[in-house]
Amino acid sequence: AGEELETLRHAGPPFRLLGWGRDALGLSIDADTDWDEVAELVTESFCVMAPKKLAALVDRPPDEV
């Protein structure tokens with residue numbers, strides 16, 4: 001969401017706009033895919049989109065200050 005989403009929109013490969021949905025981005029997967037980054041992005045995306053009750057159940061690292 002917010003600044004992070006805007007950064008990914010303009011990051012270029014492996015990220016790309018899908019052309020549908022205002023917050024929808026695609027990610028190309030290859031041998032160099034950073035699966036830790038993918039897990040973090042999917043978790044954060046879920047927590048932004050999910051109902052608060054479900055998002056609260058997700059085990060996430062504390063925010064860095």
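Peer 1: Looking at this structure, how should I read a nonpolar patch on the surface?
Peer 2: Together, L27, I29 and W35 make up an exposed nonpolar region whose accessible area comes to about 300 Å². Here L27 lies in strand β2 (residues 25-27).

Peer 1: How do you make sense of the pattern of salt bridges when you look at a structure like this?
Peer 2: When charged atoms on two side chains of opposite charge get close, those side chains can pair. Counted under the stated rule, the structure contains 2 salt bridges. Close ionic contact of R9 with E6 constitutes a salt bridge, the shortest N to O distance being 2.3 Å. Of this pair, R9 and E6 both sit in helix α1 (residues 2-9), 3 residues apart, which is roughly one turn of that helix. Overall, R9 belongs to the partly exposed group, its relative accessible area being 25%. A salt bridge links R9 to D23, with the nearest nitrogen and oxygen atoms 3.5 Å apart. With R9 in helix α1 and D23 in the loop between β1 (15-17) and β2, the pair connects residues that are 14 residues apart, well separated along the chain. Using a relative accessible area of 40% as the deciding quantity, one classes D23 as partly exposed. Linked by salt bridges that have partners in common, E6, R9 and D23 make up one network.

Here is what the cut-offs are and how they apply
Residues numbered from 1 in each chain as written. Predicted model: local features only at pLDDT ≥ 70, side-chain atom pairs only at ≥ 80, totals over all residues. Heavy atoms only, no water. Patch = residues over 30% accessible without salt bridge, like charges linked within 9 Å, V, L, I, M, F, W, Y side chains within 5 Å. Areas by Shrake-Rupley, 256 points an atom, 1.4 Å probe, with all protein chains shown as cover. Salt bridge = Lys/Arg side-chain N within 4 Å of Asp/Glu carboxyl O. Helix = DSSP H or I, 4+ residues; strand = E, 2+ residues; numbered from the N terminus. Buried < 20%, exposed > 50% of the residue type's maximum accessible area, 1.4 Å probe, protein only.

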